[in-house]
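Architecture at a glance
Residue-level listing of the chains:
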Amino acid sequence: QVQLVESGGGLVQAGGSLRLSCAASGSFFSIVSMGWYRQAPGKQRELVAAKNSGGGTNYADSVSGRFTISRDNAKNTVYLQMNSLKPEDTAVYYCNARGYPTLASSFEDWWGKGTLVTVSS
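Throughout, residues of each chain are indexed from 1 in the direction in which the sequence is written. Owing to the predicted nature of the model, reporting of local features is limited to residues with pLDDT of at least 70; listing and counting of side-chain atom pairs is limited to 80 or more, with chain, interface and lining totals taken over all residues. The side-chain quantities take in all heavy atoms of the structure and omit both hydrogens and water.

In any sheet, the strands associate via hydrogen bonds between backbone groups, in a parallel or an antiparallel arrangement. Pairing between strands is defined by DSSP: at least two bridges between them are needed. To qualify as a helix, a DSSP run of H or I must reach at least 4 residues; to qualify as a strand, a run of E must reach at least 2; elements of each kind are numbered from the N terminus. With respect to topology, 4 strands assemble into an open sheet ordered β1-β3-β8-β7, the strand pairing being antiparallel. Here the strands that pair on one side only, and so sit at the sheet edges, are β1 (2-7) and β7 (67-72). Within this sheet the neighbouring strands show an average axis-to-axis angle of 15°, counted without direction. Relative to strand β3 (residues 18-26), β1 is paired through 6 bridges, and the arrangement is antiparallel. Within β3, the residue paired with Leu-4 across the bridge is Ala-24. Every angle, taken between N-to-C directions, lies between 0 and 180 degrees, and every axis is a line fitted to C-alpha atoms, over only the stretch in contact when it is a helix.

Here you go:
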């Protein structure tokens with residue numbers, strides 16, 4: 001079982017910055033990728049950014065150039081530096097990890113409980 005614990009959400013004014021952190025713990029064979037999704041009220045959950053173990057990254061167009069994802073593979077921790085925040089970035093941000101619980105198991109998705117980011121105008 002994998003546990004993902006997020007931290008760093010909060011209230012910030014437009015143009016400000018926040019840094020989210022997510023640490024994975026528990027029992028697993030390997031984590032292939034870690035990333036962040038968000039869900040705004042009345043909207044579907046969407047990918048914000050993800051980073052795989054090989055260093056490849058993927059960003060949503062809406063955050064490219066403003067957000068930076070980084071990962072400490074040794075600590076199984078992923079970070080999201082969010083700059084130039086806009087009111088439309090307001091959402092619950094969920095940490096996601098993908099990998100294998102055991103050597104013989106299938107690929108799985110794991111989720112954190114989410115952390116609220118509110119950007120005021």
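Okay, back to it.
Next up on the list: the environment of Arg-45. Note on placement: Arg-45 falls in the loop between β4 (30-39) and β5 (46-52). Residues Arg-45 and Tyr-94 lie 49 residues apart in sequence; the distance between their C-alpha atoms is 9.0 Å. Here, residues are in contact when the closest pair of their heavy atoms is within 4.5 Å. Among residues more than four places away in sequence, those in contact with Arg-45 are Tyr-37, Arg-38, Gln-39, Tyr-94 and Trp-111.

Time to look at the packing of aromatic side chains. Think of it this way: a Phe, Tyr or Trp ring, Trp meaning its six-membered ring, pairs with another when their centres are within 6.5 Å, and the plane angle makes it stacked under 30 degrees, edge-to-face over 60, tilted otherwise. If you walk through the whole model with that rule in mind, you get 3 aromatic pairs. On the numbers, 6.5 Å between centres and 45° between planes, the contact of Phe-28 with Trp-110 is tilted. Taken together, the residues Phe-28 in the loop between β3 and β4 and Trp-110 in strand β10 (residues 108-111) connect sequence positions 82 residues apart. For the pair Tyr-37 and Trp-111, a centre-to-centre distance of 5.0 Å together with 70° between the ring planes defines the contact as edge-to-face. Placement of the pair is Tyr-37 in strand β4 and Trp-111 in strand β10, with a sequence separation of 74 residues. Sitting above the plane of the Tyr-79 ring, Arg-19 keeps its charged end 4.2 Å from the centroid. Geometrically, a lysine NZ or arginine CZ counts as sitting over a ring once it is within 6 Å of the ring centre and also within 35 degrees of the ring normal. Sitting above the plane of the Trp-111 ring, Arg-45 keeps its charged end 4.7 Å from the centroid.

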